[in-house]
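# Remarks on the overall topology
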Amino acid sequence: MGSVRHFDLVIIGSGSGNSILDDRFDGWNVAIVEKGIGPNDAFGGTCLNVGCIPTKMFVHTADTASAPGTGTKLGVDLQLESVRWSDIRDRIFGRIDSISSGGEKFRAEGKDNITLLQGNAHFTGVKQLTVHTDEGEETITADRFVVAAGGRPTIPDIPGLDQVRVHTSDDVMRMAELPERMVILGTGFIGAEFAHVFSALGVEVTMIGRSGQALRAEDEDVSARFTELAADRWDLRLNRAVAAAEPAGDGVRLHLEGPDGAETIEADELLVAIGRTPNSDLLDVAAGGLKSAVGGKIAVDAQQRTSVEGVWALGDISSDYELKHVANHETRVVQHNLLNPDSPVESDHLVVPHAVFSSPQIAAVGLTEQQARERGINYVTKIQDYGAIAYGWAMEDTTGFAKLLADPDTGRILGAHIIGPQAPTLLQPIIQAMQFGLDARTMAHGQYWIHPAMPELIENALLGLPLN
Ligand SMILES: Cc1cc2nc3c(=O)[nH]c(=O)nc-3n(C[C@H](O)[C@H](O)[C@H](O)COP(=O)(O)OP(=O)(O)OC[C@H]3O[C@@H](n4cnc5c(N)ncnc54)[C@H](O)[C@@H]3O)c2cc1C
Ligand SMILES: NC(=O)c1ccc[n+]([C@@H]2O[C@H](COP(=O)([O-])OP(=O)(O)OC[C@H]3O[C@@H](n4cnc5c(N)ncnc54)[C@H](O)[C@@H]3O)[C@@H](O)[C@H]2O)c1
């Protein structure tokens, strides 16, 4: 081994890990290691480059393109004249790519005490990392490490898949042209969001799921409603296994096994969205002495400490949740614990919400009804339709609802599930109530609710809970 540079702190990953560094670290000698993500090897991690932010910019665009569908029932006939894909794509990435390259420049040149090492890294010992940069291989050590190396799209082992063009969320938003037909494998978050985006922009979408429901991790009523609506909008093939893939002209042909036997599907493009794999394998965390948890994630305690003293992990590589707001929270915990070793704090994962920005939107927090049942928890529910509140009449909504679960004796809110317009925004006051211990009765009666605004959905759901 040549000369080994030693740092006070090494951070692996420029997604959430990049937010650790502020002025309080000015006296520290820090290295941040990043291999680059997506087709352009970008700086700044998943959310900025290939995740939350571009997808939601596409979702908003898709919502706008869907306006004719919602206008008709209101008596407003609209027409979608054209979708300028390259303009949409370039507008979105014009904004994102410059933020990414600005962040990279700042990290590379902005502070004398921070070194940006660009390249693939893997552990070669406890608190020892080897980085493969363009200039060659460099081994570094540090007193403290933060592992924030995230995950990557999982590619299934399907015969013939290596012979066809496979898109993942990493590159599908940058396609040169919109295809006529797209097949999406997976009916989870990413499948549901991209099915909305591409179908709203005029692509014929076929969605393949291996179970009998789309978004099956959601509350059973929400998942059932979403599945029903998805089947109206897309060619939804459930209970299907993909037996093989092969090229078909310039596109792809999939051979499926389903309830009615064998079938084939052809499309111009294939998007695989069946979950994500933590990057702990590529990083060889075992060589660094880091213990793994279920699914290959790095095991951490409530302070985000790994099994090696002085090494923390956060975000997708260690968290049970693959959500940016969770990664951000864990980042703040690690930041505090680095700066205040004598008064460490713990991550709070008690009330973690999520949202799926499909059409309709979905947002949820707390227990699903199936979880409450399985755990033998005493609960009551109320399902409040959008169609039964004034703003729901204005929207002529006939499919959306909010479902609440609460403890019948104390009124404590146990879970909330919303499917319909602005679901994530409508959920936020419930998250607040659950986090700060506000019970359903006090929440419903103890404040004004703006009339006739959409949060009346929540007010009515709370009032309708059959509490003792
Ligand atoms: C399509 C999509 C949409 C999403 N939408 C949402 C959403 O709407 N809301 C939400 O809350 N969450 C969303 N997420 C999830 C969210 O993006 C992630 O939870 C979050 O970005 C994880 O952050 P992180 O810091 O843990 O990892 P990342 O941001 O993935 O950062 C890890 C970094 O480490 C680098 N790296 C990895 N291995 C190495 C190595 N060996 N050497 C050097 N560098 C390495 C990677 O290149 C990467 O830049 C979405 C995810 C996807 C894929
Ligand atoms: N709005 C958001 O917050 C948002 C958006 C996108 C992604 N994300 C995060 O990214 C993660 C990854 O998203 P995702 O949609 O890839 O994963 P997911 O876990 O949401 O869904 C994957 C789906 O693929 C299925 N599946 C797994 N293996 C399969 C196989 N071999 N063949 C067919 N189907 C298979 C699973 O049963 C599941 O239904 C999410 O779990 C989420 O945490 C969040």
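Calculation rules
- Residues numbered from 1 in each chain as written.
- Chains lettered and ligands numbered in written order.
- Predicted model: local features only at pLDDT ≥ 70, side-chain atom pairs only at ≥ 80, totals over all residues.
- UniProt positions renumbered as here; feature names shortened; annotations may be inferred.
- Axes fitted to C-alpha atoms, helices over the stretch in contact; angles between N-to-C directions.
- Helix = DSSP H or I, 4+ residues; strand = E, 2+ residues; numbered from the N terminus.
- Parallel < 35°, antiparallel > 145°, perpendicular 65-115°, else oblique.
- Left-handed = near helix turned anticlockwise from the far one by under 90°.
- Contact = placed C-beta atoms within 7 Å.
- Nonpolar A, V, L, I, M, F, W, Y, C, P; charged D, E, K, R; others polar.
- Near = placed C-beta within 6 Å.
- Domains from an automatic or database assignment.
- Expected span 1.5 Å × (residues − 1).
- Bend = angle between axes of the 7 residues up to and from the residue.
- Buried ≥ 20, exposed ≤ 12 C-beta atoms within 10 Å, placed from the backbone.
- Pairing = 2+ DSSP bridges.
- pLDDT = per-residue confidence, 0-100.
- Core = buried A, V, L, I, M, F, W, Y, C linked by C-beta atoms within 7 Å.

Looking at an unreviewed UniProt entry, one finds the protein named Mycothione reductase, with Saccharopolyspora halophila as its source organism. Its UniProt record, at the heading Cofactor (unreviewed entry), says of the protein: "FAD". Listed under Sequence similarities (unreviewed entry) in UniProt, the entry text for the protein is "Belongs to the class-I pyridine nucleotide-disulfide oxidoreductase family."

## Side note on the packing of helix α2 (residues 52-65) against helix α5 (residues 189-200)
Across the interface, α2 lies against α5 with an axial gap of 8 Å and an inter-helix angle of 45°. Relative to α5, the element α2 lies oblique. Our pair here, α2 against α5, has a crossing hand that is left-handed. Along its contact with α2, which presents T55, F58, V59, A62 and A65, the element α5 presents E193, H196, V197 and A200. Here the contact of α2 with α5 is composed, by residue class, of six nonpolar, two polar and one charged.

## Side note on the site of ligand 1
For ligand 1, the set of nearby residues contains 37 residues, the closest of which are G13, G15, G45, G150 and G315. Residue assignment for the shell around ligand 1 shows that the elements contributing at least two residues are β2 (30-34), α1 (45-49), α2, β3 (114-125) and α7 (324-339). By residue class, the composition of the shell around ligand 1 is 14 nonpolar, 17 polar and six charged.

## Overview of the UniProt feature "domain: FAD/NAD(P)-binding" (unreviewed entry) in the protein
Mapped onto the present numbering, the UniProt feature "domain: FAD/NAD(P)-binding" (unreviewed entry) falls at residues 7-329. Annotated as 25% helix and 28% strand, the span residues 7-329 places its first and last C-alpha atoms 25 Å apart.

## Quick notes on the packing of α2 against helix α4 (residues 85-109)
With their axes 10 Å apart at the nearest point, α2 and α4 run at an angle of 145° to one another. α4 is crossed by α2, and the crossing has right-handed handedness. Here α2 contributes I53, P54, M57, F58 and T61 to the contact with α4, which in turn contributes I88, I92, F93 and I96.

## With respect to the domain arrangement of the protein
Partitioning the protein into structural domains gives domain 1 (5-153 + 277-339), domain 2 (161-274) and domain 3 (360-464). For domain 1 and domain 3, the distance between their C-alpha centres works out to 33 Å.

## Observations regarding the UniProt feature "domain: Pyridine nucleotide-disulphide oxidoreductase dimerisation" (unreviewed entry) in the protein
The positions that UniProt labels "domain: Pyridine nucleotide-disulphide oxidoreductase dimerisation" (unreviewed entry) are, in the present scheme, residues 352-461. Spanning residues 352-461, this segment combines 35% helix with 25% strand, and its end C-alpha atoms are found 20 Å apart.

## Considering helix α10 (residues 423-436)
Counted at 1.5 Å a residue, the expected span for α10 with its 14 residues is 20 Å, and the 21 Å between its end C-alpha atoms agrees. Maximal helix bending in α10 amounts to about 30°, located at P429. All of the buried residues in α10 are A423, L426, L427, I430, A433 and M434.

## With respect to the pairing of β3
Bridge analysis of β2 against β3 gives five bridges, and the strand direction is parallel. Bridging across to β3, I32 finds its partner in L116. Relative to strand β4 (residues 128-133), β3 runs antiparallel, the two being bridged by six bridges. Residue pairing in the sheet places G125 in a bridge with Q128 of β4. Counting the residues in the hairpin turn of β3 and β4 gives two residues, including K127, whose phi is positive at 55°.

## Looking at the sheet that holds strand β8 (residues 181-185)
The parallel open sheet is built from five strands, whose spatial order is β7-β14-β8-β9-β10. Edge positions in the sheet fall to β7 (166-167) and β10 (235-237), since each has one partner strand and no second. Note: β8 against strand β14 (residues 269-272), four bridges, orientation parallel. Considered in β14, the bridge of L185 is made with V272. Packing against the sheet, α5 makes contact with β8, β9 (204-208) and β14, and its axis sits at approximately 165° to β9.

## What about the confidence of the model for the protein?
Summarising the model, the protein shows a mean pLDDT of 98, and 100% of its residues fall at 70 or more. For this predicted complex, the interface confidence reaches an ipTM of 0.99, while the overall pTM sits at 0.98.

## Here we look at the pairing of strand β1 (residues 5-12)
Strand direction decides the pairing type here: β1 and strand β5 (residues 136-147), joined by seven bridges, are parallel. The partner of F7 across the bridge, within β5, is A142.

## Details of the nonpolar core
Judged by nonpolar contacts, the single largest core of 77 residues is most densely connected at I184 and I362. Among the elements that make up this core, the one with the highest residue count is α5 (eight residues). Beyond its immediate sequence surroundings of up to four residues, I184 is in contact with G191, F194, A195, V205, M207, I208, L271 and A273.

## Details of α5
Helix length check: α5 (twelve residues) gives 17 Å between terminal C-alpha atoms against 16 Å at 1.5 Å per residue, within 8%. α5 sits mainly inside the fold: twelve of its twelve residues count as buried. The complete set of buried residues in α5 reads F189, I190, G191, A192, E193, F194, A195, H196, V197, F198, S199 and A200. The inward-facing, buried residues of α5 contact α2, β8, β9, α6 (220-233), β14 and β17 (354-356). Backbone geometry just after α5 places G202 at a positive phi near 105°.

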